[in-house]
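# Summary of the model geometry
In case you want the letters, here they are:
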Amino acid sequence: MQDPLTHLPNRHYVENIAEQLLKEASQNQKFCVVVLVSLDQFKTVNELHGYATGDAVLKQMAKIFQEKFPDPVVISRFYGDEFLIVHPSIKSLDEATGLARQVRDITRRPIQTATYRLSVQCSIGVAVSPRDGDNLAHLVQRANLAAKKAKSIGGNSIQPYVTGMEENNRWEAALAADLRYATLDNQLNILFQKQNRTKTGELIGYEALVRWRHAEKGQIPPEDFIPIAERSGIILDIGAWVLREACRAAADWQNPVTVSVNASPSQFTRSDFSGLVSTVLMETGLNAHRLEIELTESTPIEDHDRVLHTIVALREMGVRVAMDDYGTGYSSLNTLQAFPFDKLKVDRIFTKSLEASPQARAVLRSAVLLGHSFGIPVIAEGVETEKQLEFLKEMGCQEVQGFLFGKHLLPSQIKSCRENEKKRAG
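Described in the following lines is the structure provided in the data block. On a predicted model such as this, the values are computed, not experimentally measured, just so you know.

This part takes up the environment of Glu223. In this fold, Glu223 is placed in helix H7 (residues 222-232). For Glu223, a relative accessible area of 59% puts it in the exposed group.

Written out as structure tokens, the structure reads:
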């Protein structure tokens, strides 16, 4: 009935008193609230600082919860890096939300172990009886679904259970299972988008873009499957495949321009990414100076030291590293200052709004000024109109990419495109 590490009640204890808790809430005409707290990136704590430190963090979390929430609240170490808080005497839904916020606030405080001072963020899911279930098993299941949702949108947040989460979870699980076989079944392919000089229109490179044509569901947009790949860890396999295929294609181009390949922080921190890049360059024969890795800021960077180490290793090879999705990430300015980037790439959302939005123009101008101050070029993506191009020229943005310069190309089309350009020049 007790967790041996934290000495909190365990899952079996909570299951044994579940009926009593719900009965107590019902008799008192109150809500029973279940809050599931899932630690974000706890595996990284164990890997970087050792399991003893991980255990110390869990003990400290247990102590904090016990001090903050006395009886009748039940605190349980439910599973691994998950805690369950059950409050059988909440008067209103607003009070339930307030309970979740209290949990979030105390988990944001740094935890002091014998050796380290660590910040451990949490994803928090909330379910309330009788609205979200009439027994504790249902409430826990739905709080867990909500916590997974909170984790999927970046973590460090609260997510209440919403009707339909089960169906979304089943859909995502099925898609993740199919995605594991996408590279083996030749369902993935790469398209290339031109990158050009803003003033002259000169071609300077291509960005590799992965696409997935599902055997039954047809074309699935990257914004649907890439987050699933991130959450499931499949991004490591897909990222390695894209890198290898993009470098292999670029090695055959007659025009020795650069090829840009996207990578996420998880690829930098959960694998030997610099070693993979070195191997791929040797296998394909591509010159390292022609490869550019775009580090996307769409997910939080948890392990700054390891990311910095990887960036330095890549640059020592001659590979350039660009900061992608500038303006949409979690801490763009801090990230730009923390890492030695070779290029700054502004997200298409700002380019799209250039003509109508003074705010978008302000973001782009500030990005160009930042790039100049850091001594690195700025590239704007999503350029589709001549008016947008004129704005970017006036701002001093050095590089652009988008449909204004042509549609996405298959690897085989780049060679024929180059040959046609030669014929026209002749």
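Still more to cover.
Turning to the packing of helix H14 (residues 358-374) against helix H15 (residues 386-395), a few remarks are in order. Axis separation between H14 and H15 bottoms out at 10 Å; the angle between their running directions is 40°. Regarding the angle of H14 to H15, the classification is oblique. For H14 against H15, the interelement crossing comes out right-handed. Mapping the contact onto sequence places Arg361, Leu364, Arg365 and Val368 in H14 and Phe391, Leu392, Glu394 and Met395 in H15. Here the contact of H14 with H15 is composed, by residue class, of five nonpolar, no polar and three charged.

Glancing now at the pattern of salt bridges. According to the stated counting rule, one finds 18 salt bridges in the structure shown. Between Lys345 and Glu207 there is a salt bridge whose closest N-O contact spans 2.7 Å. Here Lys345 is found in strand S14 (residues 343-346), whereas its partner Glu207 is found in strand S9 (residues 203-214), with 138 residues between them in sequence. Comparing Lys345 with Glu207 shows no difference in burial state: the two are buried.

A separate point is the pairing of strand S1 (residues 31-39). Of all nine residues making up S1, eight are buried, and the element is well covered by its neighbours. In this sheet, strand S3 (residues 82-90) lies alongside S1 in antiparallel orientation, the contact comprising seven bridges. Directly across from Ser38, in S3, lies its bridge partner Glu82.

Moving on: the sheet that holds strand S2 (residues 74-79). The strand order across the open sheet formed by five strands is S2-S3-S1-S6-S7, and the pairing between neighbours is mixed. Edge positions in the sheet fall to S2 and strand S7 (157-160), since each of these pairs with one other strand and no more. With direction set aside, neighbouring strand axes in the sheet form an average angle of 20°. On top of the sheet, helix H1 (residues 11-27) reaches S1, S2, S3 and strand S6 (122-129); it is set at about 140° to S2, its chief contact. Along the sheet, helix H5 (residues 136-152) contacts S1, S2, S3, S6 and S7; its crossing angle with S6, the most-contacted strand, is approximately 145°.

So, on to the packing of helix H10 (residues 273-284) against helix H11 (residues 304-317). Remark: H10 packs on H11, axes separated minimally by 9 Å, with the N-to-C direction vectors making an angle of 20°. It follows that H10 is roughly parallel to H11 by the angle criterion. For the element pair H10 and H11, the recorded crossing hand is right-handed. Residues Phe273, Ser274, Val277, Ser278 and Leu281 of H10 lie in contact with H11, whose contacting residues are Thr310, Ala313, Leu314 and Met317.

Another aspect to go through is the environment of Leu354. Positionally, Leu354 belongs in the loop between helix H13 (348-352) and H14. Put simply, Leu354 and Leu389 are 35 residues apart on the chain and 9.7 Å apart in space, counted from C-alpha to C-alpha. Sequence-distant contacts of Leu354, defined by excluding residues within four places in its chain, comprise Ala360, Arg361, Leu364, Gln388, Phe391, Leu392 and Met395.

All told, the structure shown has seven aromatic pairs when counted by the stated rule. Aromatic side chains Phe192 and Trp253 sit 5.4 Å apart centroid to centroid with 85° between the ring planes, which places their arrangement in the edge-to-face category. With Phe192 in strand S8 (residues 188-197) and Trp253 in the loop between helix H8 (235-251) and strand S11 (258-263), this residue pair connects regions lying 61 residues apart in the sequence. Each of the two residues, Phe192 as well as Trp253, counts as buried.

Moving on, we come to the nonpolar core. Counting residues in hydrophobic clusters, the biggest one holds 71 residues, and the most contacted among them are Phe192, Leu291 and Ile293. At eight residues, H8 tops the list of elements feeding residues into this core. Apart from residues no more than four positions distant in its own chain, Leu291 is found in contact with Leu243, Cys247, Val259, Val261, Val277, Leu281, Leu286, Val319 and Arg320. Core analysis: the next-biggest nonpolar cluster, separate from the first, contains 31 residues, Leu8, Leu39, Ala62 and Val103 among them.

Turning our attention to the side chain of Ser129. Along the chain, Ser129 turns up in strand S6. Residues contacting Ser129, with those up to four places away along its chain left out, are Leu22, Phe31, Cys32 and Leu139.

Next up on the list: unusual backbone geometry. Across the junction of Ser129 and Pro130, the peptide omega takes the value 0°, indicating a cis bond. Secondary-structure assignment places Pro130 in the loop between S6 and H5. The phi dihedral of Asp325 falls on the positive side, at around 60°, and the residue is not glycine. Position of Asp325 among the secondary structure elements: in strand S13 (residues 320-326). Assessed through its relative accessible area of 13%, Asp325 is described here as buried.

Cut-offs applied
- Residues numbered from 1 in each chain as written.
- Predicted model: local features only at pLDDT ≥ 70, side-chain atom pairs only at ≥ 80, totals over all residues.
- Heavy atoms only, no water.
- Helix = DSSP H or I, 4+ residues; strand = E, 2+ residues; numbered from the N terminus.
- Buried < 20%, exposed > 50% of the residue type's maximum accessible area, 1.4 Å probe, protein only.
- Axes fitted to C-alpha atoms, helices over the stretch in contact; angles between N-to-C directions.
- Parallel < 35°, antiparallel > 145°, perpendicular 65-115°, else oblique.
- Left-handed = near helix turned anticlockwise from the far one by under 90°.
- Contact = heavy atoms within 4.5 Å.
- Nonpolar A, V, L, I, M, F, W, Y, C, P; charged D, E, K, R; others polar.
- Salt bridge = Lys/Arg side-chain N within 4 Å of Asp/Glu carboxyl O.
- Pairing = 2+ DSSP bridges.
- Phe/Tyr/Trp six-rings, centres within 6.5 Å; stacked < 30°, edge-to-face > 60°.
- Core = buried A, V, L, I, M, F, W, Y, C linked by side-chain atoms within 4.5 Å.

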